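The primary structure of each chain is shown beneath.
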Amino acid sequence: MSNDKWIHYFVDGVIHEAEWTEYDRDYLVNRVIALIGMNEIAADDYSRPTPLPALVTCKNHLVEMAVSNGAIADSFSARDQLGATLMDLITPSPTKVNQTFHQYAETDAQKATDYFYQLSCQNDYIKTEAIAKNIRFFSKQKYGTYEITINLSKPEKDPKEIALARTMKTSKYPRTMLAPENEGYQGRVDYPSRVNHRIIWFPMGAETWGFQYSPYAYYQEHCIFLNQKVVPMKITQQTFERLLGIIDRFPHYFVGSNADLPIVGGSILSHDHYQGGLDVFPMSQATIDWLQPDTVSASVQLGIVNWPMSVIRLSSSSKEELVACATSVLAYWDEYSDLSQDIVAHAEDGTRHHTITPIARQRDGVYELDLVLRDNHTTATYPDGLFHPHPQYHHIKKENIGLIEVMGLAILPPRLKDELAEVKKTLIGENSQVVSAHQDWVEDLKAQVDGPLSEEQADALIEQSLGEIFEQILENAGVFKRTEAGQNAFRAFVSRWQADRKGA
């Protein structure tokens, strides 16, 4: 039967996993063979293995059959589009997905998200195979135990496809990577397929917002909440209201927003959105250094979090009072300068430098808002940003510190996989080709040990050092430094804000 078995296995899986029946078998077989460039298939006389191969495994075989048959090009984008089209066969329509989700949500929000998450994994929208390739370990440091990841899940673009994309007419459709019209989009050389993508829609005040999962999740049940309207991100009182409203709807999740300014903000500032999920991050487990009640509302507790960045934690059983307090912090921080700490609220032309990265959660039935103070101004010494990874750490990470890193999960670039392998060779005494950017770091590592290490010792030393560097990067991004002077200045900021608020 040669490769025909994979068609049968795939159709068996589709019938088993989706709302198809045996009456649909011939239809499904014919749809599949057309997609993979065949005109006929052997009779259904094969023996079904128990259990059946995973549906994604079957899909992968079918995609390669399509390449062999000349039905699609031998390229990542062609494979991506065909794979998503095949997996769409087990994906209910957007209407059906929304109906099922909201039926579950009427009685149990977690059952609703379980349904949608399992569907998004099952239909390969969440790239579980690719995510499993990521390198991941934990590193205990001063402020907590960080999760360090080297992101290998996103496929590298083929140079030929990059060159082809440059010759294509520029398209503004979909408008952003999060826009509603991504749902069902076939994809193209310069844009991923979203054929099997679904969005859950729900009301939020007078607006409509969407809920989806991230295809290359960085953490457990990594999800995205997006405004149905494509409007720029902006941190305002409405942001805090929305975040707490999402927590009401999904109390088992956290939700947070990237900052709304370049350097300290996220990668999609053109479309208002938030990120959430089921993970418990190191920052949420950090202790409070300095706790006191709010001077205006006794129901609000506030404290400075023992964390390398500058975090004010607000908690209250009252959403309204929590929002009012957070909005007041934002307004005061927007205008606050402290030259002794190199904190500058505005450029000479009036451009604002300050914003907040907010994170919301429920803890024992009480609302919490972590407000991470951000400053994006640059200097001659630090042209990439004063409160940004400093140049001595760019050999590990030069990219922005966004919401996920703020909470204690390092997302390091894929280049490090091969680069660190060479560093390891040096530490165990083998010939190596360490890139020049790592040379000083390698010398520092070698100075910490006496002679060549075992592979396990080398791995442990590298991982420990990466954790230390990540913590130093977070300290770089902290506006009030974790020094006596810096923390006194932080407490002075809080006290001045409270006095200003009380006198208003």
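Residues numbered from 1 in each chain as written. Predicted model: local features only at pLDDT ≥ 70, side-chain atom pairs only at ≥ 80, totals over all residues. Heavy atoms only, no water.

The subject of this paragraph is the overall build of the chain. Looking only at helices and strands, one finds 16 helices and 13 strands in the chain. Its C-alpha radius of gyration of 26 Å places the chain within 12% of the 23 Å reference for a compact globule of 504 residues. Across the 504 residues of the chain, 54% fall into the buried class. Put simply, 63% of the contacts in the chain that link residues at least 6 apart link residues at least 24 apart. When the accessible surface of the chain is split by element, carbon and sulfur atoms take 49% of a total near 22,900 Å². If the 46 positive side-chain charges of the chain are averaged to one point and the 67 negative ones to another, these points end up 3 Å apart. (Helix = DSSP H or I, 4+ residues; strand = E, 2+ residues; numbered from the N terminus. Rg over C-alpha atoms; globule rule 2.2 N^0.38 Å. Buried < 20%, exposed > 50% of the residue type's maximum accessible area, 1.4 Å probe, protein only. Contact = heavy atoms within 4.5 Å. Areas by Shrake-Rupley, 256 points an atom, 1.4 Å probe, with all protein chains shown as cover. Lys, Arg positive; Asp, Glu negative; His and termini not counted. Charge placed at Lys NZ, Arg CZ, Asp CG, Glu CD.)

Turning our attention to the pattern of salt bridges. Counted under the stated rule, the structure contains 29 salt bridges. Put simply, K127 and D124 hold a salt bridge, and the shortest N to O gap is 3.6 Å. Residue K127 is classed as buried on the basis of its relative accessible area of 18%. Take D124: its relative accessible area is 6%, and that puts it in the buried class. Between E405 and K397 there is a salt bridge, with its nearest N and O atoms 3.0 Å apart. A residue is classified by how much of its surface remains accessible, and E405, at 7% relative accessible area, is buried. The class for K397 is buried, based on a relative accessible area of 3%. A network of salt bridges, in which partner residues are shared, links R313, R361, R363, E368 and D370. (Salt bridge = Lys/Arg side-chain N within 4 Å of Asp/Glu carboxyl O.)

Tracing the chain through its elements places D80 in helix α4 (residues 76-87). One buried charged residue, D80, remains without a salt bridge, the closest side chain of opposite sign being K127 at 4.3 Å. Sequence-distant contacts of D80, that is, excluding residues within four places in its chain, are made with K127, P192 and S193.

For the rest of this paragraph, the subject is the pairing of strand β1 (residues 135-141). Bridge count for β1 against strand β2 (residues 144-150) is 7 bridges, and the pairing is antiparallel. Paired with I135 across the two strands is I150, which belongs to β2. Linkage of β1 to β2, two consecutive antiparallel strands, is achieved through a turn of 2 residues. (Pairing = 2+ DSSP bridges.)

As a further point, take the UniProt feature "domain: Galactose-1-phosphate uridyl transferase C-terminal" (unreviewed entry) in the chain. UniProt marks residues 248-441 with the feature "domain: Galactose-1-phosphate uridyl transferase C-terminal" (unreviewed entry), using the numbering shown here. For residues 248-441, the end-to-end C-alpha separation is 46 Å, with 21% helix and 25% strand making up the annotated structure. (UniProt positions renumbered as here; feature names shortened; annotations may be inferred.)

This brings us to the sheet that holds β2. Across the sheet, which stays open at both edges, the 3 strands sit in the order β1-β2-β13 with mixed pairing between neighbours. Of all the strands in the sheet, just β1 and β13 (409-412) have a single pairing partner and so form its edges. Averaged over neighbouring strand pairs, the angle between their axes works out to 25° when direction is ignored. In the packing of helix α15 (residues 455-477) onto the sheet, contacts are made with β1, β2 and β13, and the angle to β1 comes to roughly 70°. (Axes fitted to C-alpha atoms, helices over the stretch in contact; angles between N-to-C directions.)

Another aspect to go through is α4. Between its first and last C-alpha atoms α4 spans 16 Å; for 12 residues at 1.5 Å apiece the expected length is 16 Å, and the two agree. Inspection of α4 places S77, A78, D80, Q81, L82, G83, A84, T85, L86 and M87 among the buried residues, and these make up the whole buried set. (Expected span 1.5 Å × (residues − 1).)

What follows covers the packing of aromatic side chains. On inspection of all chains with the given rule, the structure shows 32 aromatic pairs. With centroids separated by 5.7 Å and ring planes inclined at 45°, the aromatic side chains of Y219 and F254 adopt a geometry described as tilted. Here the residue Y219 occupies a position in the loop between β4 (207-213) and β5 (223-227), and F254 occupies one in strand β6 (residues 254-256), the gap between them amounting to 35 residues. The same class applies to Y219 and to F254, which are both buried. Plain terms: the ring middles of W333 and F480 are 6.2 Å apart, the flat faces sit at 55° to each other, and that makes the pair tilted. Placement of the pair is W333 in helix α11 (residues 319-334) and F480 in the loop between α15 and α16 (484-503), with a sequence separation of 147 residues. Judged on exposure class, the residue W333 and its partner F480 are both buried. Through a chain of ring-to-ring contacts, three or more aromatic side chains come together here, namely F101, F116, Y117, F202, F211, Y213, F225, F250 and Y253. (Phe/Tyr/Trp six-rings, centres within 6.5 Å; stacked < 30°, edge-to-face > 60°.)

This paragraph deals with the nonpolar core. F211, F225, L314, F480 and F493 are the most contacted members of the largest nonpolar core, which has 60 residues in total. Considering every element that reaches this core, the biggest residue donor is α11, with 8 residues. Core analysis: the next-biggest nonpolar cluster, separate from the first, contains 48 residues, I150, I359, A410 and L453 among them. (Core = buried A, V, L, I, M, F, W, Y, C linked by side-chain atoms within 4.5 Å.)

Here the focus is helix α9 (residues 237-249). Over its 13 residues, α9 runs 19 Å from end to end, which matches the ideal 18 Å to within 8%, given 1.5 Å per residue. Turning to α9, its buried residues number three or more, namely T239, F240, R242, L243, L244, I246 and I247. In this structure T236 caps α9, since a side-chain oxygen of it lies 3.1 Å from the backbone nitrogen of Q238. (Polar contact = N/O pair within 3.5 Å; in protein donor to acceptor, adjacent residues only side chain to side chain.)

This part takes up the packing of α9 against α11. Two elements in contact, α9 and α11, have axes whose closest approach is 9 Å; the angle formed by their N-to-C orientations is 145°. In the packing of α9 onto α11, the handedness of the crossing is right-handed. Between α9, through Q237, F240, E241, L244 and D248, and α11, the contact on the second element is made entirely by K319, L322, V323, A326, T327 and L330. The class makeup of the residues in the contact of α9 with α11 is 6 nonpolar, 2 polar and 3 charged. (Left-handed = near helix turned anticlockwise from the far one by under 90°. Nonpolar A, V, L, I, M, F, W, Y, C, P; charged D, E, K, R; others polar.)

This next bit is on unusual backbone geometry. Of note, the amide linkage connecting T50 to P51 takes the cis form, showing an omega dihedral of -5°. The residue P51 is located in the loop between α2 (25-35) and α3 (55-68) in this model. The omega torsion across Y173 and P174 is -10°, close enough to zero to call that bond cis. Looking at where P174 falls in the secondary structure, it is placed in the loop between α8 (159-167) and β3 (200-204). Here E221, not a glycine, exhibits a phi torsion of approximately 55°, which is positive.

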